[in-house]
Every structure is written in structure tokens, then in C-alpha cells.
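# Examination of the molecular architecture
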Amino acid sequence: YEGTIKELTANTGAVDLVILGMGGDGHTASLFPTHPSPAAGRLVVPTPISPTTPLVRRVTFSYEAIALAKRVMVLV
């Protein structure tokens, strides 16, 4: 996924729009408050199994990728 994003954004990683929601425990983008922050320099990161249902492995934009987006919307 990261390679495709870089290819489509001329290697900047700056997508036009990121739309985020919020989980019941305050998490967004499958970045959970109880998990360590993803490694710096990555746009797309795997996340550990979530502490909320559904208990599945996920991939998500990193904090860095979200910050690079031209627009970010949060639906709460």
C-alpha cells in the first residue's frame, strides 16, 4: 500500500483527503492509545490486534501520513 501511495503522490505521501472516525476508546485510524506509536518514516503501518471488536489485524495510515494529508476530516 505504501508503494502505491508514494507512486500516486509523486513520492510525497500527501494524499488529498483522509477521513477519520473515532472508536469507543478514543482511537482513530486503528492507532490505539494502548499500543506503541508506529515507526517514524512510514506512511502505512500494520497494527497489533485491536483491543476492541472486531479482533482483527489491521493496516492504517501512520500519524505521519495523516499529518501530510492536504485535508483531514474527523467524523464523530
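Higher on the page you've got the structure.
Figured I'd write up the structure that's included with this text.

What counts as what
- Residues numbered from 1 in each chain as written.
- Predicted model: local features only at pLDDT ≥ 70, side-chain atom pairs only at ≥ 80, totals over all residues.
- Heavy atoms only, no water.
- Helix = DSSP H or I, 4+ residues; strand = E, 2+ residues; numbered from the N terminus.
- Contact = heavy atoms within 4.5 Å.
- Patch = residues over 30% accessible without salt bridge, like charges linked within 9 Å, V, L, I, M, F, W, Y side chains within 5 Å.
- Areas by Shrake-Rupley, 256 points an atom, 1.4 Å probe, with all protein chains shown as cover.
- Salt bridge = Lys/Arg side-chain N within 4 Å of Asp/Glu carboxyl O.
- Core = buried A, V, L, I, M, F, W, Y, C linked by side-chain atoms within 4.5 Å.
- Buried < 20%, exposed > 50% of the residue type's maximum accessible area, 1.4 Å probe, protein only.

Let's shift gears to the side chain of E2. Take E2: it is sitting in helix α1 (residues 2-8). Excluding anything up to four places from it in sequence, E2 contacts G41, R42, L43 and V44.

This part covers a nonpolar patch on the surface. There is a patch of nonpolar side chains on the surface, built from L17, I19, M73 and L75 and spanning about 380 Å² of accessible area. Within the secondary structure, I19 is located in strand β1 (residues 17-20).

Core analysis: the largest hydrophobic core is formed by 12 residues, namely I5, V15, V18, L20, A29, L31, L43, V44, V45, A65, I66 and A69. Listing elements by their share of this core, those giving two or more residues are β1, β2 (44-47) and α2 (63-68). In contact with V18, other than residues within four places in its own chain, are F61, I66, A69, R71, V72 and M73.

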